[in-house]
Amino acid sequence: MIKQLTVTGRIIVNKYKKLSIVYDKDLLDFVSKLNFTITPLNLDNKINYNLLKESKGLIISGGGDIYKVSKKKIDKIRDDIELKLYNYFKKQNKPILAICRGYQLIINFNGSSVKKIKDHVRKSHDLKIINSKFINLKKINVNSFHKFGLFNNVNNFKKTGFHNDGSIEILEHKTKKILCVMFHPERTMKSQKKIFSEIIKFFR
């Protein structure tokens, strides 16, 4: 039986002034390979929490900037939706994977912030992994598509993945099953097959 995951995507306003979610093909393929289907979300009304009861976890996807950076209304709408989902799944003790933009949203919500960073767009680099609960690896080569980086502590999270410039690319909640990664595990990259295996275990 295929299980459900709740997955966020880019928010757009169509010609009828209705909100819609757009998913990148890489993200759809990623969810399918994890052997999940996506729980439907209705953005024009309040979130239907009854639908979310069947969902096994949450992916807060990447793509674009959070409202604090962009100051765009559409990003504020997306942030509000994703934070409501984050709080719901956190309360339910279900696994949450936050990717790139999702990573930045969560650390901002928890009182920390990112700053501009150089040489992290359309690159690949190694991360050193230390004392991770969710990733049983010591080092991984990952893709990089972000303009902002984290260098300080985040309330209730521990730092487990490090770039050699000192930026933190993997965070894990100290007590909840919440994994935040600055790279994109859904984007095909040979070296990231190892991380994919760890994410399969994360959502079990």
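Just so you know, the residues in each chain are numbered from 1, in the order the chain's sequence is written. pLDDT decides what is reported in this predicted model: residues at 70 or higher carry local features, side-chain atom pairs at 80 or more are listed and counted, and totals for whole chains, interfaces and linings draw on all residues regardless. To obtain the side-chain values, all non-hydrogen atoms of the structure were included, while hydrogens and water were left out.

Draft legend 1. Inspection of the nonpolar core at higher detail. Membership of the largest hydrophobic core comes to 51 residues, with the highest contact counts inside it found for Leu34, Ile59, Leu97, Leu171 and Phe203. The biggest single contributor to this core is helix H4 (residues 73-91), with five residues. What makes two residues a contact is simply this: any of their non-hydrogen atoms within 4.5 Å. Contacts of Leu34, omitting those with residues within four sequence positions, involve Leu5, Ile59, Phe196, Ile199, Ile200 and Phe203. What makes a nonpolar core is a set of buried Ala, Val, Leu, Ile, Met, Phe, Trp, Tyr and Cys residues whose side-chain atoms join them at distances within 4.5 Å. Accessibility here uses a 1.4 Å probe with only protein chains present; expressed as a share of the type maximum, an area under 20% marks a residue as buried, one over 50% as exposed, and anything in between as partly exposed. Here a helix means four or more residues in a row that DSSP labels H or I, a strand means two or more in a row labelled E, and each is numbered from the N terminus.

Draft legend 2. Region of the structure containing H4. The length a helix should cover is 1.5 Å for every residue beyond the first. Counted at 1.5 Å a residue, the expected span for H4 with its 19 residues is 27 Å, and the 27 Å between its end C-alpha atoms agrees. Of the positions making up H4, those classed as buried are Asp75, Arg78, Asp79, Ile81, Glu82, Leu83, Leu85, Tyr86, Tyr88 and Phe89. At the exit of H4 stands Asn93, carrying a positive phi of roughly 60 degrees.

Draft legend 3. Geometry of the confidence of the model for the chain. Across the chain, pLDDT averages 89, with 96% of residues at or above 70. A residue's pLDDT is the predictor's confidence in that residue, given on a scale from 0 to 100. By mean pLDDT, strand S7 (residues 115-116) is the weakest element of the chain at 74, and strand S6 (residues 96-99) is the strongest at 97.

Draft legend 4. Inspection of the packing of H4 against helix H5 (residues 101-109) at higher detail. The geometry of H4 relative to H5 is characterised by a closest axis approach of 11 Å and an angle of 75 degrees between their N-to-C directions. Overall, the two elements H4 and H5 adopt an arrangement that is roughly perpendicular. Contact residues: Asp75, Arg78, Asp79, Glu82, Leu83, Tyr86 and Asn87 in H4; Arg101, Leu105, Ile106 and Phe109 in H5. Under the grouping applied here, Gly and all other residues not named as nonpolar or charged are polar, the nonpolar ones being Ala, Val, Leu, Ile, Met, Phe, Trp, Tyr, Cys and Pro and the charged ones Asp, Glu, Lys and Arg. Looking at side-chain class alone, the contact of H4 with H5 contains five nonpolar, one polar and five charged residues. Only the stretch in contact is used when a helix axis is fitted, and all axes are lines through C-alpha atoms; the angle between N-to-C directions ranges over 0 to 180 degrees. The labels follow the angle: roughly parallel below 35 degrees, roughly antiparallel above 145, roughly perpendicular from 65 to 115, and oblique for the rest.

Draft legend 5. Spatial organisation of the packing of aromatic side chains. Aromatic pairing here means that ring centres of Phe, Tyr or Trp (its six-membered ring) are within 6.5 Å. Orientation follows from the plane angle: under 30 degrees is stacked, over 60 is edge-to-face, and everything else is tilted. Scanning the entire structure with this criterion turns up seven aromatic pairs. Ring centres of Phe30 and Phe196 lie 5.7 Å apart, and the angle between their planes is 70 degrees; on these two criteria the pair is classed as edge-to-face. Remark: Phe196 occurs in helix H6 (residues 193-202) and Phe30 occurs in helix H1 (residues 25-33); sequence separation between them is 166 residues. Note on Phe30: relative accessible area 3%, which makes it buried. Between Phe134 and Phe202, the aromatic rings sit 5.1 Å apart at their centres with planes inclined by 75 degrees, giving edge-to-face as the arrangement. Of this pair, Phe134 sits in the loop between strand S8 (121-129) and strand S9 (139-145) while Phe202 sits in helix H6, placing them 68 residues apart in sequence.

Draft legend 6. Just the pairing of strand S3 (residues 19-22), in detail. Each pair of strands is called paired provided DSSP finds at least two bridges between the two strands. Relative to S3, strand S2 (residues 10-13) is paired through four bridges, and the arrangement is antiparallel. Directly across from Val13, in S3, lies its bridge partner Leu19. Counting the residues between successive antiparallel strands, the hairpin from S2 to S3 contains five residues, one of them, Lys17, with a positive phi of roughly 65 degrees.

Draft legend 7. Examining the pattern of salt bridges more closely. Put simply, a salt bridge is a Lys or Arg side-chain nitrogen that is within 4 Å of an Asp or Glu carboxyl oxygen. Counted according to the given criterion, the structure contains seven salt bridges. Salt-bridge contacts for Asp75 lead to Arg101; the nearest nitrogen and oxygen are separated by 3.7 Å. Linking Asp75 in helix H4 with Arg101 in helix H5, this pair joins segments that are 26 residues apart in sequence. Here Asp75 matches Arg101 in class, with each residue buried.

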